[in-house]
Amino acid sequence: MKLIHIAHRGEAQEFLKVLNLKADTKVSGIYSNSEFALVISGEGIPETISKLSYTISKFNIDEILNFGIAGTLSSKIETGKIIEIRTTYHFEDGKPKFKSFTSNSKTTIDCITTNQRVLSDDYADRISNFAQVVDRELWGLGFVAKSFNLPFKSYKLISDIAGSKTQCFDLKERAIEFSSKLLEHFMKLDTKAEEPQLSIDPPITMSFSNKIKFQKLIHHIQTKEEIKLERILSDICVNEILDLKIRPKEKSFEILKRLEAKLNPINTIANNEMIKATQAFREIGAKVKFDHSLETKKIEISIEINSQKNLDNIKRAVDIFDYKKIEKLWSGDFNV
Amino acid sequence: MFEKIYIEESVKDLEYTKRILKFFPKIESKVINKTEDVWGRVKKPYLQKRETLNLFIGRKEGALVKETPDAYGMGKEKHYFFIHAYNCIYECQYCYLQGYFNTPDIVLFVNHDEIIRDMQQLVDENPDSWFHAGEYSDSLALSHLTNEWDEYWEFFKKNPKAKLELRTKSVNLKSIINLEPLDNVYVSFTLAGHKEGKTYDLRTPSVKARLSAIKKLVEKGFKIGIHLDPIVHSEDLENNYEILLRELALVLPNKQLGYLSIGVVRFTKDVFKEVEGNYPDSPIMTQNFIKSFDGKVRYSHPMRMWMLNKVKDICIKNNFSSEKIYMCMENED
């Protein structure tokens, strides 16, 4: 469901009529139908944050769309136009706030949200260092979108030039004009949900988590080596695995193991060498632990001793064990 | 190229500033009190450099010349880097500038006289010091605008024991090609296999173009440094570096090579997070990195050693002498 955010009731009036939205019975300014929720927040960042947060927690929202008016700070942006915003910044008490929020729009126009109306040229000049248009809410929306990990877009109708030329127009007088223009723009947008990407099915039934692993490995190999799925499966001899007389779970494990080795051959070889180098301890029933990320060359060997035979075995294994092999591995001296 | 130019009040009348502005008569410019009043004050997403990159012309204050981290270059001399610019017009996917500044906007510092004054003080104490340019910005990419290198050349001519390194991926040689080659000045190029260069070094001159820039400088008698850093693993890594080093050996005789460094890709945690956000589909994101002993994101120890050794062997095989090769290793980072 998309959430439409509009600051003023006047700007929202045409949306309410055309989208056939029903009012929330508990909180004023919240409306919905089966496809959209609409919130009228009132002017300012705190108002925007509180109303949006409430609405998001109530509905299953996947994107926020902001519609509203803004003043221009740049001679390149004319009044009367509707523009899409890229990043929103915030200017408060004479200083810019560090945090910014970026929309999903591929445009080049940024908006700065201020906590006071821009009525002097000096103030307009200072904030124009950070953005080309100014409003009173968008940064609050960006803050909420980031908090809820939701994408957002913003469409601003340029109502006036910010600064001493700011028209202190009565919003009510022009509200119907603004609302109609914004609604017209909204109707042209493709607001349908994106089709989910087709996933790659593994060649054998796998558990959900293994299927995810399989898809991730395939995606990574394709990105790294720029080869097709058929080639990857052939490189790991998938048919050979499928013909093995082992359980399906073991086949899945083998497929994932070979894909991992294809993606990270050096680490796989290094790990195998490590296992080989410590094999003598495993053969006498010892547990051998080492850091599989191979960032340390520490090995932990543990074994219970309850007979002289155990001790003799340990002595024999220690004699066979050659730590130089670990040192060699550690310094990258092995064949790939 | 630039969306807007901001000029710091204190440098607006300098010749360097006027020269830069001459290149952009149609771009809107604005005088501001201090660069830091605007630059980096808000978090500007890195990739917006593709569409709306601003230029700041300012005065570098504070430390103009800084001591480098350990193992920056060869030898036991003192190593310093000096800051003539912040940020870069190129877009290398692994670049640490992504997470370093809060903005991709470029700053060109034009108080070169003050930088050189500080360098002189350091040379007076340690005459054989090294000075590196290109820590926070490519040293040559915009040098046709700034044209400061002749001033530095004079300094290094006067101080023949001190050494200068200009680090670059650029082929913009206009500002240096007609200067007298000096024994204590090295133009050092960062190279990668052709495929790796194309994949990771976005908006930079191709590796082929960098090789021909090296050739031009070699023919003029310049000393050259080479950085094979950062190396990113791929299935055909050895083959790609074989080709590169064979081609490099054809244009760069060992006698004109000053040094050759080899390093594998590594990131701080913050930079890696930025790279993940900026280039989610890059092959970098498919690499088998681990969180290393020092918190950095890098390959496992055996893997990075294997890569460093392989590339070093290829260098030696192509007649680059091993005494001139050094490896950028983690205990020296």
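Residues numbered from 1 in each chain as written. Chains lettered and ligands numbered in written order. Predicted model: local features only at pLDDT ≥ 70, side-chain atom pairs only at ≥ 80, totals over all residues. Heavy atoms only, no water.

Enquirer: When you look at the pairing of strand β8 (residues 106-109) of chain B in this model, what are you seeing that I'm missing?
Expert: Every regular strand shows the same layout, with side chains that alternate between the two sheet faces. Residue and element names in this part refer to chain B. By the alternation rule, side chains of β8 split into Ile-106 and Leu-108 and Val-107 and Phe-109, which are all buried. Two strands pair when backbone bridges link them, and strand β3 (residues 55-58) and β8 are joined in this way by four bridges, in the parallel orientation. Paired with Gly-58 across the strands is Phe-109, a residue of β8. Relative to β8, strand β6 (residues 85-86) runs antiparallel, the two sharing two bridges. Residue pairing in the sheet places Ala-85 in a bridge with Leu-108 of β8. (Buried < 20%, exposed > 50% of the residue type's maximum accessible area, 1.4 Å probe, protein only. Helix = DSSP H or I, 4+ residues; strand = E, 2+ residues; numbered from the N terminus. Pairing = 2+ DSSP bridges.)

Enquirer: Sorry if this is basic, but what is going on with the interface of chain A and chain B here?
Expert: Interfaces are frequently sized by the accessible area removed from exposure as the parts join. Contacts between the two partners involve 38 residues from chain A, matched on the other side by 39 residues from chain B. Taken over both partners, the interface formed by chain A and chain B buries close to 3200 Å², and the fraction arising from carbon and sulfur atoms is 52%. For Glu235(B), the salt bridge is made with Lys262(A), and the minimal N-O distance between the two is 3.5 Å. Elements represented by at least two residues in the side of chain A that touches chain B include exactly β7 (87-92), β8 (95-96), α6 (208-225), α9 (248-263), α10 (265-277) and α13 (323-330) of chain A. No other element matches α6(A), which puts five residues into the side of chain A that touches chain B. Each residue belonging to the side of chain A that touches chain B can be placed in one class, and the counts come to 13 nonpolar, 15 polar and 10 charged. (Contact = heavy atoms within 4.5 Å. Buried area = accessible area lost by both parts, 1.4 Å probe. Salt bridge = Lys/Arg side-chain N within 4 Å of Asp/Glu carboxyl O. Nonpolar A, V, L, I, M, F, W, Y, C, P; charged D, E, K, R; others polar.)

Enquirer: Explanation requested: the nonpolar core in the structure shown.
Expert: One recurring pattern in soluble globular proteins: nonpolar side chains tend to sit buried together. Ile214(B) and Ile226(B) are the most contacted members of the largest nonpolar core, which has 126 residues in total. If you tally residues by element for this core, the top one is helix α10 (residues 301-317) of chain B, at eight residues. Every residue in contact with Ile226(B), bar those within four places of it in the chain, is listed here: Ser188(B), Phe189(B), Leu191(B), Ile214(B), Leu248(B), Leu252(B), Leu257(B), Tyr259(B), Leu260(B) and Ser261(B). Counting residues in hydrophobic clusters, the runner-up holds 26 residues, among them Leu3(A), Ala37(A), Ile77(A) and Ala145(A). (Core = buried A, V, L, I, M, F, W, Y, C linked by side-chain atoms within 4.5 Å.)

Enquirer: What should I look at first to understand the layout of surface pockets in this one?
Expert: The probe, sized like a water molecule, is rolled over the atoms to show the empty space still left. In this model, the largest pocket occupies a volume close to 1400 Å³. Thr102(A), Lys146(A), Pro45(B), Gly277(B) and Asn278(B) are the residues nearest the centre of the largest pocket, which is lined by 36 residues in total. Those elements that provide at least two residues to the lining of the largest pocket are β9 (101-102) and α4 (138-147) of chain A together with α2 (97-100) and α9 (269-278) of chain B. In terms of residue count, the dominant contributor to the lining of the largest pocket is α9(B) (six residues). When the residues that make up the lining of the largest pocket are grouped by side-chain class, the tally is 10 nonpolar, 15 polar and 11 charged. The calculated volume of the second largest pocket comes to roughly 1200 Å³. Within the residue set of the lining of the second largest pocket, elements represented by two or more residues are α2, β10 (163-168), β13 (223-231), β14 (257-264) and β15 (266-267) of chain B. Split by residue class, the lining of the second largest pocket holds 22 nonpolar, nine polar and 11 charged. (1 Å grid on protein atoms, 1.4 Å probe; cavity = no way out; pocket = protein on both sides within 12 Å on 5 of 7 lines; lining within 4 Å. Points joined across faces, edges and corners; volume = space filled by probe spheres on them.)

Enquirer: So what exactly am I meant to see when it comes to the side chain of Ser103(A) here?
Expert: All names here are of chain A. One can find Ser-103 in the loop between β9 and β10 (111-114). Classification of Ser-103 as buried rests on a relative accessible area of 8%. Polar side-chain contacts of Ser-103 include one of 2.7 Å to the backbone oxygen of Ile-85. A polar contact is formed between the side chain of Ser-103 and the backbone nitrogen of Ser-105, at a distance of 3.1 Å. (Polar contact = N/O pair within 3.5 Å; in protein donor to acceptor, adjacent residues only side chain to side chain.)

Enquirer: Any chance you could explain the packing of aromatic side chains here in plain terms?
Expert: Geometrically, a pair of aromatic rings is defined through the distance of the ring centres and the angle of the planes. Evaluated as defined, the whole model comprises 39 aromatic pairs over all chains. Ring geometry for Tyr80(B) versus Phe131(B): centroids 5.5 Å apart, planes at 20 degrees, classification stacked. Within this pair, whereas Tyr80(B) is found in strand β5 (residues 79-82), its partner Phe131(B) is found in strand β9 (residues 130-133), the two being separated by 51 residues in sequence. Pair check on accessibility: Tyr80(B) and Phe131(B) agree, each one buried. Put simply, the rings of Trp39(B), Phe81(B), Tyr86(B), Tyr96(B), Tyr100(B), Phe101(B), Phe109(B) and Tyr136(B) touch in pairs and so form one group of aromatic residues. Directly above the aromatic system of Phe59(A) lies the positively charged group of Lys58(A), at a separation of 5.9 Å from the ring centroid. (Phe/Tyr/Trp six-rings, centres within 6.5 Å; stacked < 30°, edge-to-face > 60°. Lys NZ or Arg CZ within 6 Å of the ring centre and 35° of its normal.)

Enquirer: Whenever I open this one, the pattern of salt bridges confuses me. Can you help?
Expert: Side-chain pairing between opposite charges can occur once the charged atoms of the two side chains come close. All names here are of chain A. Under the defined criterion, the tally for this structure stands at 43 salt bridges over all chains. We note a salt bridge from Glu-177 to Arg-174, for which the minimum N-O separation is 3.1 Å. Of this pair, Glu-177 and Arg-174 both sit in helix α5 (residues 171-188), three residues apart, which is roughly one turn of the helix. A relative accessible area of 32% places Glu-177 in the partly exposed class. With a shortest N-O distance of 3.0 Å, Arg-258 and Glu-254 are connected by a salt bridge. Remark: Glu-254 and Arg-258 occur in helix α9; sequence separation between them is four residues, near one turn of the helix. With a relative accessible area of 22%, Arg-258 lands in the partly exposed category.

Enquirer: Please explain the sheet that holds strand β16 (residues 290-291) of chain B as it appears in this structure.
Expert: Working definition: the strands of a sheet are paired by backbone hydrogen bonds and lie parallel or antiparallel to each other. All names here are of chain B. The strand order across the open sheet formed by three strands is β15-β17-β16, and the pairing between neighbours is antiparallel. Single-partner strands in this sheet number two, and they are β15 and β16. Two elements, β15 and strand β17 (residues 297-298), share two bridges in a ladder whose sense is antiparallel. In the strand pairing of β17, Phe-267 is matched with Val-297.

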